[in-house]
Each structure stands twice: as C-alpha cells, then as structure tokens.
Amino acid sequence: MRKKPKNNRASSVKAKYRASLSFRMNILFFSIFLLFSALIFRLGYLQIVKGEDYVRAIERTEEIAVNTSVPRGRIYDRYGRILVDNDPENAITYTKMQTTTTEEMIDIAEQLAMLIEQPTDRITLRDRQDFWILKNKDAAYAKVSKEEELKLRANEELDDKQVQQEIDRLVRERITEEELNEFTPFELEVLAIYREMASGYYLSPQIIKNENVTDAEFARVSERLPDLPGVNTTTDWKRVKLSSVAILGRTTVPSKGIPKAKLNYYLARDYSRNDRVGESYFEAQYEELLQGQKSVVKNITNNKGEVINTVTTFPGEPGKDLVSTLDIELQTEAEKIVEKKLLELKSLGQSKLLDRAFFIMMNPNTGEILSMVGKKIEKDPETGKSYVVDYSYGAFTTAYEVGSTVKAATVLMGYSQNAIEPGTVLIDQPIRLYGTKPKSSIFNRNGAIAMNDLKALERSSNSYMFQTAMRIAGTNYTPNMVFRIKDDTLQTMRNGYAQFGLGVNTGIDLPNETSGVKGELTDTGKILNLAIGQFDTYTPMQLAQYISTIANGGYRIQPRLLKEIRNPSEDGETLGPVVEEVTPKILNRISNSTDEIDHVKKGLRQVYVGPQGSSYAAFHDTPYTAAGKTGTAEVVYYGPLREDYGTFTVNLAHVGFAPMENPEVAYAVLIPWATTNFNVHLGQGNQIAREILDVYFNLKQKYEKDGITSSSVKQQILPPTTDDKIDEDTEEQKVNE
C-alpha cells in the first residue's frame with residue numbers, strides 16, 4: 001500500500017489553524033463593531049433625545065416667587081385724599097441657599113452683629129435653648145445618658161426623627177437658667193440675627209432688620225456684601241395711616257408676619273412667612289388687591305445646589321390703589337361731634353354704664369358709606385384716667401335694642417300683612433292684657449286718643465304699634481283679653497323686619513359682621529315689645545340700612561366702603577387709571593308699594609316738623625328738608641361691666657334721611673346705656689344727627705365751590721386732612737399692650 005507523505009499532513013493542520021484564526025478574528029471584529037455601534041447609538045440618544053433633560057438636571061433651574069417687598073396699594077377717601085400710605089425704609093435681608101450650613105449662617109450672623117445693632121427683645125426661651133445647644137453640642141447631649149437614649153431607640157413606635165426630637169426635648173428641659181445666662185450681649189445679638197436668618201425658606205429673602213436701620217448701618221453692610229454671602233441691602237415699605245379710623249384696619253409687621261390662624265392659607269398663595277398682610281377690616285377684606293405681586297426670578301443652580309445665575313422673569317408690581325367711599329373731612333367733623341356729645345352725657349350723672357356712641361351716614365341709593373363713627377370711653381388700669389378711642393368697627397360688630405326707630409318698619413309691615421292700611425285710625429290707649437301690667441305710650445298713660453298712622457309716627461305711639469302687631473298675630477285688641485298668637489307670628493314679624501335689614505347681616509364689605517341677638521319668646525306679650533324695638537337687638541349699620549331702604553323707595557342696598565379700584569398713580573398728582581368702579585348691589589325690595597312708602601315718609605317728616613314731633617326741637621328749622629324717627633329703649637344692661645349685669649338703663653337712637661324729596665344721605669345714631677334715670681329727656685342723639693347733617697350740607701356747598709368731585713376719571717390727589725401719621729409699628733405696639 002502506498003503511504004501519504006508527511007508534509008501533506010502538516011499542510012492540512014496549518015490550513016485548519018489559519019481558517020479557525022480567521023473565523024475568530026472575524027467574530028472579534030464583528031463584536032467590536034457591535035459595541036461601537038451601541039456606544040454611538042447611546043451617545044446619540046443621550047445627546048439628541050435626553051440632552052435637554054440632562055442639561056436641566058445639571059443646571060437645576062428653579063422658578064420661585066421672591067419677596068421683594070413691593071409697596072401695598074394706597075387707600076384714598078372718595079375725593080382723593082390719602083388715608084393710608086407707604087413710607088420707604090432701609091432694610092437688610094438674608095437669602096439662604098440649599099447648601100448653606102448652620103455653621104455658615106452663624107458665622108454670617110456674627111459678622112453682621114459687628115456691623116448693626118440688632119434688638120434682642122424678640123428672642124424666646126426656645127431660641128436661647130436651641131442656640132445654647134448649637135454652641136455647646138457635646139455638653140448639651142451629655143445631659144441625656146446612653147441608657148436613656150437606648151431606651152428611646154428601643155421604642156418601636158418612634159422613628160429616628162421622633163427619637164431625636166425626644167432627645168432634644170430632654171436636653172432643653174435640662175439646660176439650666178445659669179447656663180442660658182452665660183450668653184454675652186454680643187452673643188444674644190448674634191442669636192437675634194440668626195433666628196431671623198433661620199426662619200426663612202431657601203432662596204427666599206428674609207428680613208433681618210428693617211426697623212430703625214441707620215444710614216451708617218446700611219452703608220457698613222453694603223460695603224461688606226462681597227464678604228457676606230446671602231446678605232443684601234434693599235428698600236422696604238412701612239404702612240403709614242393718615243387717619244385713626246379703625247375700620248381702615250391694619251397690617252402685620254414683618255416681625256410678626258402672617259397670623260398663625262391663616263398661615264396655610266397665605267403660604268398656599270406664595271406668601272412668605274414674614275410678609276405684611278392685612279390683619280383687620282378694610283386692609284384684610286381687600287388684601288389680594290392691596291398686596292401687589294412679587295417679582296418672579298429664575299434661580300439657576302449647578303449640580304452642587306449653588307446659585308450660579310439669577311434671571312428676573314417678572315419684575316413684580318405694586319398693589320392696587322383703593323378709593324374708599326368715606327369723606328374723611330365729614331368723618332373727622334362727625335367724630336368730634338359724637339365724642340363731644342358722648343362726654344357731655346357722661347358728665348350728667350347716672351351714666352356709669354355709658355361708654356360708647358355710634359353714627360353712620362350713607363348714600364341710600366348706592367350704599368356708599370360716607371361716615372362711620374364709633375367712640376368708646378376706656379379707662380387706664382394704672383392711672384384710672386378715662387380716654388376716648390376709635391370704635392368704628394363696633395357699628396357692625398355689636399348690637400343693641402333700638403327702640404321706637406323701628407316703628408316705620410312696623411307700620412309698613414302692617415300694610416303688607418293687611419293688618420292696617422294707610423290712614424287707619426286706632427285708639428291710643430293703655431294695652432291691658434289678662435295677667436300682665438298695662439303697656440302704654442309715654443305721652444298717654446291713662447287716656448284714649450284717636451290717631452291715624454301718620455300721627456302715630458309723629459308722636460311715637462307705642463299703643464298704635466302694639467295693636468298693629470296684634471292684628472298681624474290675627475286678633476283685635478279688647479281690654480283684659482287673653483292674647484293668643486298664630487304659630488308663625490314671631491317669624492312673620494322677623495321676616496318683615498329682615499326685609500329692611502333689621503336682624504340680618506347687611507352685607508357690608510368688612511369682616512366679622514354680627515346680625516344681632518334674637519330674644520326668646522317666653523310669653524306672647526314679647527311680640528308687642530318687638531313691635532317697638534325692645535326685644536331683638538340690631539347693629540347701628542342695620543339701622544342705617546333700614547332707613548336707607550325707606551329713603552330710596554324700598555330697595556335694600558348693600559352698604560360698602562369700596563368705591564373704586566385703580567392702578568397706582570403714574571405721576572403722583574392724579575389717581576391712576578380706573579380698573580373697576582364698584583356698582584350698587586340690591587339685596588331685595590320690601591313688599592310695599594311706592595305709595596305706601598311715600599305715605600310713611602310723610603309721617604317721618606312730621607317727626608321733624610310736626611308740633612308734637614319727637615325731634616321737633618332739633619330739626620324744625622333746618623334750611624333743607626329732612627325726615628326721621630327717634631327711639632328710646634328701656635333695656636336690661638349686659639355690657640362689659642359684669643358687676644352691673646341686670647341694671648335697667650336706656651338706649652338712645654335716631655334715624656333719618658335728607659333731602660326728603662330726593663334723599664342723598666341716610667343716617668343713624670345709637671347711644672347704648674345712656675342713663676339709668678328714666679325721668680329725664682336726653683336730646684343728644686337728635687343733636688348729633690342735626691349737627692352732622694349740617695356739616696354734610698355745608699361741605700357739599702364747599703366742595704361745589706372749590707370744584708372738588710368724587711366722580712372724575714382724572715381725579716386729583718388731594719393733600720390729607722392731617723399731618724399726623726400712625727405707622728404700623730406704633731399700632732402693633734398698642735395692640736400688644
């Protein structure tokens with residue numbers, strides 16, 4: 001057999017090796033190709049598809065509202081006189097970054113303490129305890145033993161955060177008074193600065209000091225700004241009132257910030273904790289208009305959380321200017337008159353319970369309040385001396401029996417319930433019901449006098465109103481009768497008075513209005529008391545709305561203090577452009593015809609000019625036509641003097657309108673607890689109404705002569721009626737005292 005040569009076998013082995021190597025190299029190159037393709041695809045995906053997302057992640061851009069302390073809107077009276085303004089003041093602020101440490105903040109606080117004088121009176125015990133812990137960490141946490149800490153950590157109901165909170169609480173409890181007293185005056189000043197710095201949010205400026213910042217302090221801090229990261233010097237705005245009228249309200253100061261009760265409400269609307277906000281009445285009611293809009297900045301941060309650039313996306317704008325309905329000159333004169341008469345009554349004797357008086361004047365056709373006066377006598381607990389304060393808000397937050405002023409409403413209700421009709425004659429006589437004492441008119445304790453509805457209003461007949469109420473209840477009066485009423489009589493009468501605004505909220509554009517107190521019907525005779533205003537209680541504002549309803553022909557108009565909303569003034573000489581003019585709001589119309597209302601107006605006119613009118617002495621000689629109704633309520637005292645609860649006393653009231661033919665104003669006077677002497681006639685309520693009405697018409701002539709108007713689109717800004725200023729810090733101090 002022939003054998004294969006050896007060199008052929010060797011060639012075959014080499015060929016196989018070369019083929020295998022080539023195959024493996026191809027696989028390697030193909031794998032490398034796939035890897036490079038995947039890498040290129042991934043890079044392209046990151047750059048093209050996800051590139052912008054990763055850039056945003058690196059820069060971490062955040063858009064937030066920043067407190068730049070834009071000025072609040074001004075408040076003017078109806079003729080353009082400034083009532084509430086803003087004064088600029090120096091301020092020092094601090095902005096905390098996400099990366100800022102406590103140690104860095106304390107270091108900056110120490111540097112600031114060497115540049116400014118910081119009051120320390122706002123430091124709390126908790127502040128001092130926390131600061132002591134920061135300055136003495138080892139000594140502080142040594143106050144809690146290892147055994148106590150282990151016991152806390154063994155409690156499965158507590159997480160790590162709660163355990164630390166409990167340890168901190170124990171540490172605070174064990175810090176001694178001696179240890180807290182170790183702080184030097186300088187350290188306390190550092191603490192006072194640090195507490196303001198720590199109370200702010202990240203990236204939101206926090207006011208460190210804006211009260212009494214001297215020019216020297218402002219300059220020193222400004223020079224050192226590069227060495228004080230987060231610190232800035234700026235302009236803040238302080239609220240200043242040019243009127244002491246309490247219903248204008250007040251704002252909080254930055255040291256107080258947002259009231260705790262409304263903290264979540266305001267924080268949800270991008271407020272900062274130390275923002276000024278309207279705290280009461282007009283300032284609070286129109287907070288959203290007055291506050292203005294903060295600037296919005298875009299803070300651009302790097303991947304370390306450090307701000308590398310700030311871009312303003314919205315510059316912010318001041319609050320809207322509000323034109324109120326008040327005539328501040330009329331208001332000022334009315335306040336003087338009310339205060340004078342209040343003190344005059346107080347000096348007469350038997351007036352221990354007397355401490356307040358109210359007056360309201362409004363336009364019955366629009367609801368615009370021209371004047372709202374409340375005066376209250378208070379006593380200094382230290383000196384025992386009496387002084388008078390503004391109590392204008394009491395005109396809609398407190399209620400009293402108002403006596404015979406409601407009798408016009410009683411007569412009109414009698415018409416609508418078909419109990420009487422215009423001209424109905426009834427016998428004024430003592431009303432003797434079975435088992436009760438007689439009820440009579442003051443001028444007729446025993447006789448019988450026939451009179452119609454107009455004469456009943458002129459002479460203020462109680463008996464006429466009693467019999468009208470009895471007819472509404474479904475019965476006619478006979479002596480010694482058992483007085484039974486229909487089940488719905490009380491509600492029917494209350495509904496009737498409510499049509500005029502008595503016993504219900506008037507809708508005034510101020511918070512905290514009360515509707516008064518409804519009496520308890522313990523016997524049917526109380527219905528008669530209701531008919532003469534000596535059962536339910538009403539506010540002075542309800543009285544003004546009630547007489548306005550009669551004056552304007554039967555429409556209950558919502559009373560209001562806001563006249564116009566305007567943009568800020570552009571030149572400081574004229575009011576800014578009108579944004580919105582508030583229009584009258586009709587709440588309801590009473591269920592009486594125009595003829596019935598006009599008929600009752602004649603009776604109210606007779607109160608002023610009729611020979612037997614209860615206000616004849618004060619109004620019979622007016623150069624203008626006016627009409628109204630007086631009221632005297634015999635009441636039981638339940639005022640601030642608890643030791644005198646149950647004392648019988650007298651409320652004085654008066655309502656009216658003028659001119660009678662085309663009423664421009666309606667007004668109400670109320671003086672609760674004027675005297676405990678039931679045998680004296682007091683005319684101060686009538687005198688207040690007459691004297692202020694005279695002021696109104698005199699001012700009207702003056703304004704017409706001087707060309708002053710409240711209806712001009714290009715309205716001039718007039719100088720305030722006083723140079724006296726009340727700033728927010730002074731008000732806050734009084735409130736705290």
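On a predicted model such as this, the values are computed, not experimentally measured, just so you know.

Visitor: I keep staring at unusual backbone geometry and nothing clicks. Help me out?
Guide: For residues other than glycine, phi is negative in most cases, and the peptide bonds are mostly trans. Here the amide bond leading from Ala 658 into Pro 659 is cis, since omega sits at -15°, within 30 degrees of zero. Here Pro 659 is to be found in the loop between strand S19 (648–658) and strand S20 (665–675). If you check the backbone angles, Asn 212 has positive phi at about 60° while not being a glycine. If you trace the backbone, Asn 212 turns up in the loop between strand S4 (206–209) and helix H10 (215–223). We classify Asn 212 as exposed; its relative accessible area is 69%. With a phi angle near 55°, Gln 350 is a residue other than glycine that sits in the positive phi range.

Visitor: What exactly am I supposed to notice about the side chain of Glu 513 here?
Guide: Summarising the element assignment, Glu 513 is placed in the loop between helix H19 (489–498) and helix H20 (526–531). Buried within the structure, Glu 513 lacks any salt-bridge partner; its nearest side chain of opposite charge belongs to Arg 556, at an N-O separation of 7.4 Å. In terms of polar contacts, Glu 513 uses its side chain to reach the backbone amide nitrogen of Thr 506, at 2.7 Å. For Glu 513, the side chain forms a polar contact with the main-chain nitrogen of Gly 507, separated by 3.3 Å. The contact partners of Glu 513, leaving out residues within four places of it in the chain, are Phe 396, Asn 505, Thr 506, Gly 507 and Ile 508.

Visitor: Just to check I follow, could you spell out the pattern of salt bridges for this structure?
Guide: Pairing between side chains of opposite charge can happen when their charged atoms approach one another. Inspection of every chain in the model, using the stated rule, returns 41 salt bridges. Between Arg 174 and Glu 148 there is a salt bridge, with its nearest N and O atoms 2.8 Å apart. Taken as a pair, Arg 174 in helix H7 (residues 160–174) and Glu 148 in helix H6 (residues 146–153) lie far apart in primary sequence, 26 residues in all. Since its relative accessible area comes to 31%, Arg 174 is described here as partly exposed. Here the residues in one salt-bridge network are Asp 77, Arg 81, Asp 327, Glu 329 and Lys 702, joined through shared partners.

Visitor: So what exactly am I meant to see when it comes to a nonpolar patch on the surface here?
Guide: Together, Met 25, Leu 28, Phe 29, Ile 32, Phe 36, Leu 39, Ile 40 and Leu 43 give the surface a local cluster of nonpolar side chains, amounting to about 780 Å² of exposed area. Along the chain, Ile 40 falls in helix H1 (residues 6–49).

Calculation notes
- Residues numbered from 1 in each chain as written.
- Predicted model: local features only at pLDDT ≥ 70, side-chain atom pairs only at ≥ 80, totals over all residues.
- Heavy atoms only, no water.
- Helix = DSSP H or I, 4+ residues; strand = E, 2+ residues; numbered from the N terminus.
- Buried < 20%, exposed > 50% of the residue type's maximum accessible area, 1.4 Å probe, protein only.
- Lys, Arg positive; Asp, Glu negative; His and termini not counted.
- Salt bridge = Lys/Arg side-chain N within 4 Å of Asp/Glu carboxyl O.
- Polar contact = N/O pair within 3.5 Å; in protein donor to acceptor, adjacent residues only side chain to side chain.
- Contact = heavy atoms within 4.5 Å.
- Patch = residues over 30% accessible without salt bridge, like charges linked within 9 Å, V, L, I, M, F, W, Y side chains within 5 Å.
- Areas by Shrake-Rupley, 256 points an atom, 1.4 Å probe, with all protein chains shown as cover.

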